[in-house]
Amino acid sequence: MYRASNFIPDPNQELLDAKPLRSLAPMFPAPMGVNVNQSSTPPLVCVTPVGQFPTGFGGGSLPAFGSYTTFSATANGVSYGTSANGPIDATPISAYKTRSSIISLDGDDEPYSGAAVSERKARRGRPPKNSSADGSNGVKFKRPKPTYKNFVAGKELGFLPSSSADPREIVEAVHMTFEALRRRHLQLDETQDASKRADLKAGAIMMASNIRANSGKRIGTVPGVEIGDIFYFRMELCIIGLHAPSMGGIDYMTTKFGNDEDSVAICIVSAGGYENEDDDTDVLVYSGQGGNSRNTEERHDQKLERGNLALERSLHRKNEIRVVRGFKDPFCITGKVYVYDGLYKIHESWKERTKSGINCFKYKLLREPGQPDGAAIWKMTQRWIDNPATRGSVILADLSSGAEIVPVCLVNEVNHEKGPGHFTYTNQVKYLRPLSSMKPLQGCGCQSVCLPGDASCSCGQHNGGDLPYSSSGLLVCRKPITYECGESCHCSPNCRNRVTQKGVRLHFEVFRTMNRGWGLRCWDPIRAGAFICEYVGEVIDENKVNLDDSEDDYIFQTVCPGEKTLKWNCGPELIGEESTYVSADEFEPLPIKISAKNIGNVSRFMNHSCSPNVFWQPVQYDHGDDKHPHIMFFALNHIPPMTELTYDYGVAEAEPSGLGSRRTKNCMCGSRNCRGLF
């Protein structure tokens, strides 16, 4: 095997012009029925969705959140135009290292350094207002104050955060919008037996409406994206500005290093398409792109061009490169989970012959020290799942004593406390009266399973005409009550409308927190909309129990949650549907109250957060008393392994009169949007 710090091409190797390439802007043709010409900012990302979209919405004039820079691109010195359906021009930025401290998110007219991100594309044909050069750091310019029009068809889009919001909040809002659109389109496609690439459709709508975060290319960290974040579609990486190409594994751009311009890599996705070596969580041997065709006749040696050339230039420039690692989805045979693993640098490159017989470029990347763990946590938890005995600091192997299908581990890595106070573990709610004496729930007459779009399915009609879950068991949207099939239904136990009643399927861990007692987390990755667990305990009679009893910290009430939970159904206006947003003033609580003080399950250990990753949803399946439904918890967004599971206990000021007071406590969630009380 030949190794060298520089590639020395042999005489038979075909090379393109090896001068620095400018960043190629991805193309994003408009889907049928979508007019993108109304937007003042051309769309960014790069894939062509298929299928007809609902009418009634245009190209949109919605804000692109984050560092709202668009960019132009040239390739081999040729500049392309700026039509809505063509490539987008990109001018080089002035320096390679991201400086989050000077990135303006509020749109104020402050000095804005080109060292942070690529320069803003000329608006409506006008060139950007650049100031004089600033030495090796390149140019600085005044950033124009954007005008945001959060309206579609004259209606305000309440789910969009302000431009001055925290970068993390912006990324989460954009991502939540994508997921809501994807789940809804998948639901519609299943009804119409149409294309199943709902992720491409959701991405097309968001790009046409200019809803995205961090639209400018940059080297280094991306505001609002944290190491360990997980994703299930490449399009998710595009809309948050982590990795622009929706197909290619190498993202690159042209930038300035002193007085020189060079084309360098800024992000790579290692997803298993090539022979990469990624067993070591601090070292990645990455294969170059090209030549790896399934058709033997089309295979050829890789060429030192485009992304491969950018990686080679990054070896010499020693710039940071974001790395996203792909792993097999444990809950989907054909799926992948993408984990953002932080910043790496290329330390070595060479070429070698692969098993398929082509000459391939290889790049050895080392992870920058001092970063939080990303892929390392993923691999660690997968080992625990395969062999729970390898988990250290275990107090009790199964807190549920066999009540759950999957054991619940109890660990303490903080102090010497041996476990929580005594309670009886159960996975069944104890009602005030037997279920047999409660109003029955009308069942469906489906003979095999409930099918999407079946007008004769009474369970579908109970849910507004659509089955509430996707084929993979994800909740599509929040509703006042979700109705599952029950014992009175004729459909089989394998019906897709039987999700929460099947119980817990995740590897939970009850752990000791630093300052909030015991908490709950999971070894598995949890997808947005996935069922987590039920709040189990004793249904209490508010007329006989003092709800202000300071000794019972385990009372659940359906008080109004925070804005993040209320906005989970974000974006139906983008596909011509009525908004389902319910404000805090419109929220109506249910009378049910559950105490998990004496009996309960893992849900009693979920702490409060003002920025939660879990929400509760009323579900019915075994009785028809809608005032006392089951309280089920679902993932609000994608949750990486070993992330504490939290939900919003409720806004302290939103106490409905006549339904019992809600005890307020000082909040210690530590989130950026902490309200101080709950």
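Refer to the structure printed above.
Residues numbered from 1 in each chain as written. Predicted model: local features only at pLDDT ≥ 70, side-chain atom pairs only at ≥ 80, totals over all residues. Heavy atoms only, no water.

## Here we look at the overall build of the protein chain
Right, so step 1: For the protein chain, the helix and strand inventory stands at seven helices and 30 strands.
Right, so step 2: Long-range contacts, defined here as pairs at least 24 residues apart, represent 70% of the contacts in the protein chain between residues at least 6 apart.
Right, so step 3: Carbon and sulfur atoms provide 49% of the accessible area of the protein chain, an area that totals close to 28,700 Å². (Helix = DSSP H or I, 4+ residues; strand = E, 2+ residues; numbered from the N terminus. Contact = heavy atoms within 4.5 Å. Areas by Shrake-Rupley, 256 points an atom, 1.4 Å probe, with all protein chains shown as cover.)

## Quick look at the side chain of Arg322
Right, so step 1: Positionally, Arg322 belongs in strand β13 (residues 321-328).
Right, so step 2: Here Arg322 sits buried without a salt bridge, and the closest side chain of opposite charge, Asp251, lies 4.6 Å off (N-O distance).
Right, so step 3: Not counting residues up to four positions away in its chain, the partners in contact with Arg322 are Arg218, Ile219, Gly220, Val222, Gly241, Leu242, Ile266, Cys267, Ile268, Tyr340, Gly342 and Leu343. (Buried < 20%, exposed > 50% of the residue type's maximum accessible area, 1.4 Å probe, protein only. Lys, Arg positive; Asp, Glu negative; His and termini not counted. Salt bridge = Lys/Arg side-chain N within 4 Å of Asp/Glu carboxyl O.)

## Looking at the pairing of strand β28 (residues 614-620)
Right, so step 1: Taking burial as the measure, the seven residues of β28 include seven buried ones, the bulk of the element.
Right, so step 2: The sheet contact formed by strand β19 (residues 482-483) and β28 spans two bridges and is parallel. Residue Thr482 lies in a different strand from β28, and its bridge partner there is Val619. (Pairing = 2+ DSSP bridges.)

## Overview of the packing of aromatic side chains
Right, so step 1: With the rule as written, the count across this model stands at 16 aromatic pairs.
Right, so step 2: Their ring planes at 70° and their centres at 5.8 Å tell us that Phe423 and Phe605 sit as a pair that is edge-to-face. Pair noted here: Phe423 is in the loop between β17 (409-411) and β18 (424-425) and Phe605 is in the loop between β26 (599-600) and β27 (607-608), with a separation of 182 residues, a long-range link.
Right, so step 3: Judged by relative accessible area, Phe423 falls into the buried class, the value being 11%.
Right, so step 4: Judged by centre distance (4.8 Å) and plane angle (45°), the rings of Tyr647 and Tyr649 are tilted. Neither residue differs from the other here; Tyr647 and Tyr649 are each classed as buried.
Right, so step 5: Over the face of the ring belonging to Tyr232 we find Arg527, whose NZ or CZ atom lies 4.8 Å from the ring centre.
Right, so step 6: When the ring centre of Tyr554 is taken as reference, the NZ or CZ atom of Arg604 above it lies at 4.1 Å. (Phe/Tyr/Trp six-rings, centres within 6.5 Å; stacked < 30°, edge-to-face > 60°. Lys NZ or Arg CZ within 6 Å of the ring centre and 35° of its normal.)

## Some details on the pairing of β13
Right, so step 1: Of all eight residues in β13, seven are buried, a share of seventy percent or more.
Right, so step 2: Here four bridges tie strand β11 (residues 260-270) to β13, and the two strands are oriented parallel to one another. Each bridged residue has a counterpart across the sheet, and for Cys267 the counterpart in β13 is Arg322.
Right, so step 3: Bridge count between β13 and strand β14 (residues 336-353): seven bridges; the pairing is antiparallel.

## As for the pattern of salt bridges
Right, so step 1: Considering all chains together, one arrives at 30 salt bridges under this definition.
Right, so step 2: The partner of Arg183 in a salt bridge is Glu179, and the shortest N-O contact between them spans 3.4 Å. With Arg183 and Glu179 both in helix α1 (residues 167-192) and four residues apart, the pair spans about one turn of that helix.
Right, so step 3: Of the charged contacts in the structure, one is a salt bridge between Lys217 and Asp251, with a shortest N-O distance of 2.7 Å. Of this pair, Lys217 sits in the loop between α2 (198-208) and β9 (230-231) while Asp251 sits in strand β10 (residues 250-257), and the two are 34 residues apart along the sequence. Each member of the pair, Lys217 together with Asp251, is buried.

## Some words on the nonpolar core
Right, so step 1: In this structure, Phe508, Ile526, Ile532, Phe633, Leu645 and Tyr647 are the most contacted members of the largest nonpolar core, which totals 47 residues.
Right, so step 2: Elements supplying a minimum of two residues to this core: β20 (508-512), β21 (518-522), β22 (531-534), β28 and β29 (630-635).
Right, so step 3: In this structure Ile526 touches Ile230, Tyr232, Leu506, Ile532, Ala635, Asn637, His638, Ile639 and Leu645, once residues within four positions along its chain are discounted. (Core = buried A, V, L, I, M, F, W, Y, C linked by side-chain atoms within 4.5 Å.)

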